[in-house]
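# Structural overview for review
Now for the letters of each chain:
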Amino acid sequence: MTDATAGSIPRKPLIQLDRGPVAVTSAALVAGTLVIAQLVDIRQAVLFLVGALMGLTLYHASFGFTGGWRRLVVEKRGNAMRAQMLMIGVAALVFIPLLTLGNPFGQPLAGATAPVGVSVLIGAAIFGLGMQLGGGCGSGTLFTVGGGSSRMLVTLLFFIVGAVLGTAHLPWWLTQPSLPAISLGANLGVPLALLVTFIGLAAVAWVTVLVEKRAHGSLEKPKAPSTTGLQRLLRGPWPLVGAGLLLALLNIATLLIAGHPWSITYGFGLWGAKVAQAVGVPVASWEFWTWPAQAKALQASVLEDVTSVMDFGIILGAALAAGLAGKFAPRVAVPFLSLLAAAIGGVLMGYGARLSFGCNIGALFSGIASGSIHGWLWFAAAFVGSLLGIYLRPVFGMDGFKSK
């Protein structure tokens, strides 16, 4: 081979990416930031970008609750759940002291607290079942949609339907037996609240260690990354622990900027209600949408809603991550049973999230980190529901417990 011939062979680029999706997504992020800053304010634009960073992180680490819970149950591997507990613990270390002070930086801070009752218990169990059939939790649905999954787009659409149905029924559920919102920070003081929270999170992590060692003899060792340096930063995969720490920091940033922690599913109900109203459904007369905060949100632009703006950011951030990784490839051909499971799971998640005041992010992550007892009840009930969902997945041709 001559030098000329050798020189004519194109070299493989150091970083391979999907140029079209990266260009479109980058432009959308820039335009979205400018539009939100102009129509709302700079603070809202910053939250949009925080959402984008969350989406990028979720995608590059494949950081979802659904798969992590299923992997512990089916494969007896608990590294994902341990990363989740660490993430919650880091956020709690900052959340609980700040929320106990109430107004440390001149802006009122409100935690993700909610009543502890039947609504949370039933709603979380329904959500846990739905997330295994739908294939993702609230954050998982958004970042996989951003990555180009057509199946998860079906999940998201029916998630929105379920969320709207939940707003129709929530007032009735709130009449069922319930205790008021209970905050560990307010009732126990900061040191004891942190101690109780850390003990609870450590106990969950310890159980995953016992389960894994009993099944395999030792804990799973992290796989050597296929990329390093700049390529790994841009393309992934990112380590679960590192991603969990970054998500904790981004949730802390959300609390400080927005005045409340990260949440996801409220936006779905709002989007669905606006669509329903546009086609003539009188949602404005439903009790839920007559409450002052909800009535104001229904009348205002979605760009004024923090949750919606951050959700948009998550989708675009995940799309950017998929493009940078060279993996943005929408898949159209999905088996009917899988699409049916996505639709059923989406409705269940939307309905359950509204009844239980959030999903794995708003109720579990932000709830426990805020010191709210309802977050722990949500965790237990959703995990039970998730177990049922794992058993039902094979009925729809999905992986789960395989019959011998």
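The rules behind these values
- Residues numbered from 1 in each chain as written.
- Predicted model: local features only at pLDDT ≥ 70, side-chain atom pairs only at ≥ 80, totals over all residues.
- Heavy atoms only, no water.
- Helix = DSSP H or I, 4+ residues; strand = E, 2+ residues; numbered from the N terminus.
- Rg over C-alpha atoms; globule rule 2.2 N^0.38 Å.
- Buried < 20%, exposed > 50% of the residue type's maximum accessible area, 1.4 Å probe, protein only.
- Contact = heavy atoms within 4.5 Å.
- Areas by Shrake-Rupley, 256 points an atom, 1.4 Å probe, with all protein chains shown as cover.
- Lys, Arg positive; Asp, Glu negative; His and termini not counted.
- Charge placed at Lys NZ, Arg CZ, Asp CG, Glu CD.
- Patch = residues over 30% accessible without salt bridge, like charges linked within 9 Å, V, L, I, M, F, W, Y side chains within 5 Å.
- Salt bridge = Lys/Arg side-chain N within 4 Å of Asp/Glu carboxyl O.
- Core = buried A, V, L, I, M, F, W, Y, C linked by side-chain atoms within 4.5 Å.
- 1 Å grid on protein atoms, 1.4 Å probe; cavity = no way out; pocket = protein on both sides within 12 Å on 5 of 7 lines; lining within 4 Å.
- Points joined across faces, edges and corners; volume = space filled by probe spheres on them.
- Nonpolar A, V, L, I, M, F, W, Y, C, P; charged D, E, K, R; others polar.
- Phe/Tyr/Trp six-rings, centres within 6.5 Å; stacked < 30°, edge-to-face > 60°.

## Quick word on the overall build of the protein chain
The number of helices and strands found in the protein chain is 18 helices and 2 strands. In terms of C-alpha radius of gyration, the protein chain reaches 21 Å, essentially the compact-globule figure of 22 Å for 404 residues. Projected onto its principal axes, the C-alpha coordinates of the protein chain cover approximately 80 × 55 × 50 Å. For the protein chain, buried positions account for 50% of its 404 residues. Taking the intrachain contacts of the protein chain between residues at least 6 apart in sequence as the baseline, contacts between residues at least 24 apart amount to 80%. Total accessible area on the protein chain is roughly 18,000 Å²; 70% of this is exposed by carbon and sulfur atoms. Taking the average location of the 24 positive side-chain charges in the protein chain and that of its 11 negative ones, the two points are 10 Å from each other.

## Considering a nonpolar patch on the surface
Residues Leu153, Leu157, Phe158, Val161 and Leu165 make up a contiguous nonpolar surface patch of roughly 410 Å² in combined accessible area. Structurally, Leu157 is set in helix H8 (residues 150-173).

## Focus: the nonpolar core
Judged by nonpolar contacts, the single largest core of 83 residues is most densely connected at Trp69, Ile88, Phe127, Trp262, Phe268 and Trp378. It is helix H5 (residues 79-101) that provides the largest number of residues to this core, a total of 11 residues. Look past the residues within four positions of Ile88 in its chain and what remains in contact with it is Leu201, Leu364, Phe365, Ile368 and Ala369. In terms of nonpolar packing, the next biggest core, distinct from the first, is built from 10 residues, Leu270, Phe288, Trp289 and Ala297 among them.

## Focus: the layout of surface pockets
Quantified by volume, the largest pocket comes out at close to 1,300 Å³. For the largest pocket, the lining is made up of 45 residues, of which Ala61, Ser62, Arg71, Asn79 and Leu240 are closest to its centre. Listing elements by their share of the lining of the largest pocket, those giving two or more residues are helix H3 (42-61), helix H4 (65-74), H5, helix H7 (138-146), H8 and helix H12 (240-258). In terms of residue count, H4 provides more of the lining of the largest pocket than any other element does, 6 residues in total. Of the residues contributing to the lining of the largest pocket, the split by class is 18 nonpolar, 16 polar and 11 charged. If you add up the space inside the second largest pocket, you get close to 920 Å³. In this structure, the second largest pocket is lined by 34 residues; those nearest its centre are His260, Ser263, Tyr266, Gln294 and Thr307. Counting residues per element, the ones that place at least two in the lining of the second largest pocket are helix H13 (266-278), helix H14 (292-299) and helix H15 (306-324). When residues of the lining of the second largest pocket are assigned to their parent elements, the largest contribution, 4 residues, is made by H14.

## Section: the environment of Lys221
Mapped onto the elements, Lys221 comes out in the loop between helix H10 (190-216) and helix H11 (229-235). According to the relative accessible area criterion, Lys221 is exposed, its value standing at 72%. In sequence terms Lys221 and Asn79 are 142 residues apart; their C-alpha atoms lie 9.2 Å from each other.

## Overview of unusual backbone geometry
Although it is not a glycine, Ser62 adopts a positive phi angle of roughly 50°. Of note, Ser62 is situated in the loop between H3 and H4. The residue Phe357 is not glycine, and still its phi comes out positive at about 65°. Tracing the backbone shows Phe357 in the loop between helix H16 (336-355) and helix H17 (360-369). Take Phe357: its relative accessible area is 23%, and that puts it in the partly exposed class.

## Quick notes on the packing of aromatic side chains
Tallied over the entire structure, the rule returns 13 aromatic pairs. Note on Phe159 and Phe268: the rings are 4.7 Å apart at their centroids and 75° apart in plane angle, and the pair reads as edge-to-face. Taken together, the residues span a long stretch of sequence, with Phe159 in helix H8 and Phe268 in helix H13 at a distance of 109 residues. Measuring from centroid to centroid gives 5.1 Å for Trp172 and Trp173, while their planes differ by 80°, and the two rings are edge-to-face. On the accessibility criterion, Trp172 (53% relative accessible area) is exposed.

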